[in-house]
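# Structural overview for review
What follows is the residue order along each chain.
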Amino acid sequence: MQKQTKTNEAAVSRGLLIQATQVLGAVLAFEHPADAVLSRHFRDNRELGHRDRGFIAEAVYGILRRLRWLRRLAGDDATPRQLLLAWLARGEGWPMRQFEGLASPTERDWVAAVKAAPIDGGSLAERADLPDWLAERLLATHDEEALLDLARSLNQPAPLDLRVNLLKGNRDEVLARLNAEGFKAEPGAWSPQAIRLGGKPALQKHPLFLDGTVEVQDEGSQLLGLLVQPKRSELVVDFCAGAGGKTLQLGAMMRSTGRLYAFDVAEKRLAKLKPRMARAGLSNVHPVLIAHENDAKVKRLAGKADRVLVDAPCSGLGTLRRNPDLKWRQSAAGVDEMVAKQRAILASAARLVRPGGRLVYATCSLLAEENDAVVDAFLAAHPGFRQVDASAVLEKQGVALQTGERLRLSPRLHDTDGFFAAVLERSADA
Ligand SMILES: C[S@@+](CC[C@H](N)C(=O)[O-])C[C@H]1O[C@@H](n2cnc3c(N)ncnc32)[C@H](O)[C@@H]1O
């Protein structure tokens, strides 16, 4: 298996710097997600080797993480090339000699000035490398120090986590095999199904991935699946299934029995689920494309589901480690629209829950308005539902994690992506 090596400055050519600048320019237009821009560039430039791709991706992601800091160093009107040079000088700590042959003498003078520029003070949002509106909203639930800590943890690259498919393997055996093959694999800190891999090995061609024994899934995301606690032969609905990250986990927890409906409004995402289901060996999953949350296909299951998961569309700010461009692509108005959608989806999904059944509301957001506020409003409007202690549910699944009544995961405290979840039970006579 090929392992990704961290690029070093010696490997960087003029041409590579030009390509990185082009990609950065396209990413900073914020018209498309950064990962889509990168994938497209790599598809169109197949001659680029593993190292070169690594250099471009790391530079682009590093710059997106620290954009405010870099703009303070390089100037608000800095070009993509200047941002890249400033990043290499200050973010990567390249010595001046490394710029010889890559940058013109005038540019090198500019880089030397950037290298020597003092940087202190600045607003809280600048120091946190967040847009003003986002820092303000996070201040509702964090003091300044906690906010800066959170921002720092969101600016670290995310680790690579795998979930072992219980239908096809067990964690100890997979761990032993991966370590014997030279990977640095460790059991996850929380999820009994999780493995954390050191470095960023490319896994797509590994036999354990190809035969469905493992899937890539952040450990925090696995805890959401565990909170649903589906059992064999149940009727379960994954209301916002997307490409099925959690569907696959739920299906395996149900041992491929019962019925697991995977709803989504996005045809392309559901299409990606199908080959993954086959690889995972699941025959209990039924992907269903719906037009909106009140689609007639949804209503047919009213009152029938033992478990419903709403992994709601959200700002995604808990995943900034993986998608640092999101903080610049989102807006306060966009979040407000999202909240209205979340409330509508949760209310509609709740109708599917049978008396005594459970509804899990989850997001990968860190904002109270997408999390607690949505659940509080739901509970106030639905007296037939009561909240169940999330930590107690997890304990039953072998997860020793006290995060209170509602699950709150953060990269700062748990080294997972940021997630929120609440478990809501419909009373038996409601
Ligand atoms: C957070 S993502 C789901 C991720 C997925 N559960 C996973 O684990 O990979 C939210 C999903 O909600 C879907 N969505 C948006 N509006 C919806 C609606 N009205 N009803 C159902 N799904 C919706 C989006 O297409 C998106 O795939």
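Being a predicted model, the structure only gives us computed values, none of them experimental.

### Thoughts on the confidence of the model for the protein chain
- When pLDDT is averaged along the protein chain, the result is 95, and 98% of the positions lie at 70 or above.
- Contacts of residues 1-7 to residues separated by more than four positions or lying in other chains number 18 contacts, the stretch itself having pLDDT below 50.
- Taken together, the chains of this predicted complex give a pTM of 0.94 and an interface ipTM of 0.99.

### Quick word on the UniProt feature "binding site: S-adenosyl-L-methionine" (unreviewed entry) in the protein chain
- As recorded in UniProt, the sites labelled "binding site: S-adenosyl-L-methionine" (unreviewed entry) are Asp264 and Asp311. Spatial clustering of the annotated residues is evident: they stretch over 48 residues in sequence, but the largest pairwise C-alpha distance comes to 10.5 Å.
- For Asp264, the location among the structural elements is in strand E6 (residues 259-264).
- We classify Asp264 as buried; it has 23 C-beta atoms within 10 Å.
- If sequence neighbours within four positions are ignored, Asp264 has contacts with Cys240, Ala241, Gly242, Arg269, Leu270 and Leu289.
- Secondary-structure assignment places Asp311 in strand E8 (residues 305-311).

### With respect to the pairing of E6
- With five of six residues buried, E6 lies mostly within the body of the structure.
- Of the pairings in the sheet, the one linking strand E5 (residues 235-238) to E6 comprises four bridges and is parallel in character. Note on E6: the bridge partner recorded for Leu235 is Arg259.
- On the question of chirality, the crossover connecting E5 to the parallel E6 by way of helix H13 (residues 245-253) is right-handed.
- Where E6 and strand E7 (residues 285-289) come together, five bridges link them in parallel fashion. The residue of E7 that forms the bridge with Leu260 is Val285.
- Traced from E6 through helix H14 (residues 267-280) to E7, the parallel crossover comes out right-handed.

### Observations regarding the sheet that holds strand E2 (residues 185-187)
- The strand order across the open sheet built from four strands is E2-E3-E1-E4, with neighbouring strands paired in antiparallel fashion. In this open sheet, the two edge strands, each paired with only one partner strand, are E2 and strand E4 (214-216). The sheet shows a mean angle of 35° between the axes of neighbouring strands, taken without regard to direction.
- Here three bridges tie strand E1 (residues 160-164) to E4, and the two strands are oriented antiparallel to one another. Bridge pairing in E4 places Leu162 opposite Val216.
- Helix H10 (residues 171-180) rests against E1, E2, strand E3 (194-197) and E4 of the sheet, and its axis sits at about 160° to E2.

### Some words on the nonpolar core
- Within the largest apolar cluster, 60 residues are counted, with the highest numbers of intra-cluster contacts made by Leu227, Val308, Val310, Val360, Tyr361, Ala362 and Ala421.
- Grouped together as the second largest cluster of nonpolar side chains are 31 residues, Ala20, Val23, Val27 and Tyr61 included.

Calculation notes
- Starting from 1, residues in each chain are numbered consecutively following that chain's sequence as written.
- This being a predicted model, a pLDDT of at least 70 is required before a residue's local features are given, and a value of 80 or more before pairs of side-chain atoms are given or counted; all residues contribute to the totals for chains, interfaces and linings.
- As a per-residue quantity, pLDDT reports the predictor's confidence and falls between 0 and 100.
- This entry defines residue contacts through backbone-placed C-beta atoms, with two residues in contact when those atoms are within 7 Å.
- UniProt positions are given in the numbering used here, feature names are shortened, and annotations may be inferred rather than shown by experiment.
- Secondary structure elements follow DSSP: runs of H or I no shorter than four residues count as helices, runs of E no shorter than two count as strands, and numbering proceeds from the N terminus.
- Remark: C-beta atoms are placed from the backbone, and a residue is labelled buried if 20 or more other C-beta atoms sit within 10 Å of its own, exposed if 12 or fewer do, or partly exposed between those counts.
- Two strands are counted as paired when DSSP detects at least two bridges linking them.
- A crossover gets the label right-handed when its path from the first strand over the helix to the second runs clockwise, viewed with the strands pointing away from the viewer.
- Only the stretch in contact is used when fitting a helix axis, every axis being a line fitted to C-alpha atoms; angles between N-to-C directions are given from 0 to 180 degrees.
- Here, a nonpolar core denotes buried Ala, Val, Leu, Ile, Met, Phe, Trp, Tyr and Cys residues that are linked to one another through C-beta atoms within 7 Å.

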